[in-house]
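What follows is each chain in one-letter form.
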Amino acid sequence: MTLDDLRVFVAVCRSGSLSAVARELSCTQSAVSQHVKRLERETGLALLERLPRGVVPTPAGQLLSGAAAGGLGDIDLALRRLRELAQGEGGSIRITTGATTVRHFMSEAVVGFRRQFPQVRLEFRTATSSRACFDALLAGGLDLAWITLGDPVRGIEQRPVVELPWVLAVAADDPLAATSRIGPAEWADVRLIALPENATSRSRLDSWFAASGIEPTSDTSVADWDTAILLAELGLGHAVVPDLPAWHGPAHPGLRLIPLPELPPLWTGWAVRRWATLPPTARSFAATVEESCGRTFPAGGGPARP
């Protein structure tokens, strides 16, 4: 088997489609299939199960894909470091995270880090969920991911940084804006702006609703927390979101944020392949962000653990 065989196989397992990988690699579907067949001949096992629409890895395929993804990620990262050394570059740090993370958690840190390390390139890649960040890390070529912490993921180390309590965001003229506590009677009046289905925050919130016997109505959904806040301020519904400092103060005169202390707080922070193998500049960037968060979030920052 070759590294190319393994790369293609991991890509197929991730996408669930031979044709999608063929388009991504600008080759034929037959060429993609040949990579998989070589691995199946080498192992003597079926690695993919063909379905009417797409493919899924067999148990043997899951085993090989999981092991290969980690190894290929390490190789790709090492090759990138070697290229930077050979070319005499200042290096780069590649971070994957949500669309609004830099604004809320990193803006001050990015400025400070740039002043300290002007030759280091910062590359941010947007992901739609923590799961997408994990997949990007395992695929290789990335150093850090800023995520909402969830269940353990094989091959990923998660580091909590900021604890986020929940709030109910409502328009200033909403009947709920005058209340200081949301009880069972008030939840009946909540018209929820739903968070993205694949988001960790949505999963945690849905679990709490189910355990509490609460079934809020919802006719609107959004792709991120900031959009939920905007719609709530416009009076188009109510948003249950983690509390962020940017939403307080004169920038949002039409918004009211009602604390929800009964909801277990969320933690957000770093995810990496292995902290021990991070290059010094990536560690410095992570530390700069943590120090900045410690100043910005009264209850967060530092090497806290949930």
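Residues numbered from 1 in each chain as written. Predicted model: local features only at pLDDT ≥ 70, side-chain atom pairs only at ≥ 80, totals over all residues. Heavy atoms only, no water.

**Q** For this particular structure, what's the right way to read the nonpolar core?
**A** Generally speaking, a soluble globular protein has its nonpolar side chains buried in company with each other. Within the largest apolar cluster, 57 residues are counted, with the highest numbers of intra-cluster contacts made by Leu 144, Val 240, Trp 270 and Phe 285. Once residues within four sequence positions are removed from consideration, Val 240 is found in contact with Trp 166, Val 167, Leu 168, Trp 187, Leu 192, Leu 195, Leu 205, Phe 209, Leu 260 and Leu 263. Among the nonpolar cores identified, the runner-up in size contains 20 residues, and Val 12, Leu 39, Leu 64 and Leu 72 belong to it. (Core = buried A, V, L, I, M, F, W, Y, C linked by side-chain atoms within 4.5 Å. Buried < 20%, exposed > 50% of the residue type's maximum accessible area, 1.4 Å probe, protein only. Contact = heavy atoms within 4.5 Å.)

**Q** What am I meant to see in unusual backbone geometry here?
**A** Peptide bonds are, in most cases, trans, and in most cases residues other than glycine have a negative phi. Positive phi, close to 55°, is recorded for Ser 26, a residue that is not glycine. In this fold, Ser 26 is placed in the loop between α2 (18–25) and α3 (29–43). Exposure remark for Ser 26: the relative accessible area of 69% places this residue in the exposed category. (Helix = DSSP H or I, 4+ residues; strand = E, 2+ residues; numbered from the N terminus.)

**Q** Would you mind going over the pattern of salt bridges with me for this structure?
**A** If the charged atoms of two oppositely charged side chains come close together, the side chains can form a pair. Scanning the entire structure with this criterion turns up 10 salt bridges. Among the salt bridges present, the one from Glu 123 reaches Arg 94, with a minimum N-O distance of 3.1 Å. Taken together, the residues Glu 123 in strand β4 (residues 121–126) and Arg 94 in strand β3 (residues 92–97) connect sequence positions 29 residues apart. Residue Glu 123 is classed as partly exposed on the basis of its relative accessible area of 22%. For Arg 94, a relative accessible area of 18% gives the class buried. When the shortest N-O distance is used, the salt bridge between Asp 219 and Arg 191 registers 3.9 Å. Taken as a pair, Asp 219 in strand β9 (residues 217–221) and Arg 191 in strand β8 (residues 191–194) lie far apart in primary sequence, 28 residues in all. Linked through salt bridges whose partners overlap, the residues forming this network are Arg 94, Arg 121 and Glu 123. (Salt bridge = Lys/Arg side-chain N within 4 Å of Asp/Glu carboxyl O.)

**Q** What's the story with a nonpolar patch on the surface in this structure? I'm lost.
**A** Together, Leu 3, Ile 75, Leu 79 and Leu 82 make up an exposed nonpolar region whose accessible area comes to about 330 Å². Per-element accounting of the nonpolar patch gives the leading share, three residues, to helix α4 (residues 59–87). Among the secondary structure elements, Leu 79 is positioned in helix α4. (Patch = residues over 30% accessible without salt bridge, like charges linked within 9 Å, V, L, I, M, F, W, Y side chains within 5 Å. Areas by Shrake-Rupley, 256 points an atom, 1.4 Å probe, with all protein chains shown as cover.)

**Q** How do you make sense of the sheet that holds strand β12 (residues 266–272) when you look at a structure like this?
**A** By way of backbone hydrogen bonds, the strands of a sheet pair with one another, either parallel or antiparallel. Ordered in space as β4-β3-β5-β12-β6, the five strands form an open sheet in which the pairing is mixed. At either margin of the open sheet sits one strand with a lone partner, and together these are β4 and β6 (157–164). Here the strands of the sheet are splayed against their neighbours by 20° on average, with no regard to which way each runs. Note that β3 and strand β5 (residues 144–148) share two bridges and pair parallel. Of the residues in β5, the one forming a bridge with Thr 96 is Ala 145. (Pairing = 2+ DSSP bridges. Axes fitted to C-alpha atoms, helices over the stretch in contact; angles between N-to-C directions.)

**Q** Sorry, what's going on with the sheet that holds strand β11 (residues 255–259) here?
**A** Strand order across the open sheet formed by three strands is β10-β7-β11, with antiparallel pairing between neighbours. Lying at the two open borders of the sheet, with one neighbouring strand each, are β10 (239–242) and β11. Neighbour-to-neighbour, the strand axes of this sheet turn through a mean angle of 35°, independent of strand direction. Bridge analysis of strand β7 (residues 166–171) against β10 gives four bridges, and the strand direction is antiparallel. Of the residues in β10, the one forming a bridge with Ala 169 is Ala 239.

**Q** For this particular structure, what's the right way to read helix α9 (residues 225–233)?
**A** Turning to α9, its buried residues are Trp 225, Asp 226, Ala 228, Ile 229, Leu 231 and Ala 232. You can read the cap of α9 off the contacts: a side-chain oxygen lies 3.1 Å from the backbone nitrogen of Asp 226, and it is on Asp 224. Remark: Gly 235 follows α9 within two positions and exhibits a positive phi of approximately 80°. (Polar contact = N/O pair within 3.5 Å; in protein donor to acceptor, adjacent residues only side chain to side chain.)

**Q** Would you mind showing me how to read helix α8 (residues 200–212) here?
**A** With 13 residues, α8 should cover 18 Å at 1.5 Å per step; its first-to-last C-alpha distance of 18 Å lies within 8% of that length. For α8, the complete set of buried residues consists of Thr 200, Ser 201, Arg 202, Leu 205, Trp 208 and Phe 209. Within two residues after α8, Gly 213 carries a phi angle of roughly 70°, on the positive side. (Expected span 1.5 Å × (residues − 1).)

**Q** Please explain the confidence of the model for the protein as it appears in this structure.
**A** Predicted coordinates in regions of low pLDDT should not be interpreted in detail. Summarising the model, the protein shows a mean pLDDT of 88, and 93% of its residues fall at 70 or more. Taken together, the stretch residues 300–306 has pLDDT below 50 and engages in 21 contacts with residues farther than four places along the chain or on a different chain. (pLDDT = per-residue confidence, 0-100.)

**Q** Even after reading the chapter, I still don't get the packing of aromatic side chains, so can you show me in this structure?
**A** Two numbers describe a pair of aromatic rings. These are the distance of the centres and the angle of the planes. This structure, assessed with the given rule, holds 10 aromatic pairs. Where Phe 113 meets Phe 285, the ring centres are 5.3 Å apart and the plane angle is 85°; that geometry is what we call edge-to-face. On the criterion of sequence distance, the pair formed by Phe 113 in helix α5 (residues 101–116) and Phe 285 in helix α10 (residues 280–296) is long-range, its members being 172 residues apart. For the pair shown, Phe 113 and Phe 285 are each scored as buried. Stacked on the ring of Trp 275, the Lys or Arg Arg 159 has its end atom at 5.3 Å from the ring centre. (Phe/Tyr/Trp six-rings, centres within 6.5 Å; stacked < 30°, edge-to-face > 60°. Lys NZ or Arg CZ within 6 Å of the ring centre and 35° of its normal.)

**Q** Please clarify how the packing of helix α1 (residues 3–15) against α2 should be interpreted in this entry.
**A** Angle between the axes and distance between the axes: these two values describe a pair of packed helices. The N-to-C vectors of α1 and α2 enclose an angle of 125°; their axes lie 8 Å apart at closest approach. Viewed along their axes, α1 and α2 adopt a mutual orientation that is oblique. The two elements α1 and α2 meet at a crossing, and its hand is right-handed. Touching Val 8, Ala 11, Val 12 and Ser 15 of α1 are Leu 18, Ala 20, Val 21 and Leu 25, all from α2. For the contact of α1 with α2, the per-class residue count stands at seven nonpolar, one polar and no charged. (Parallel < 35°, antiparallel > 145°, perpendicular 65-115°, else oblique. Left-handed = near helix turned anticlockwise from the far one by under 90°. Nonpolar A, V, L, I, M, F, W, Y, C, P; charged D, E, K, R; others polar.)

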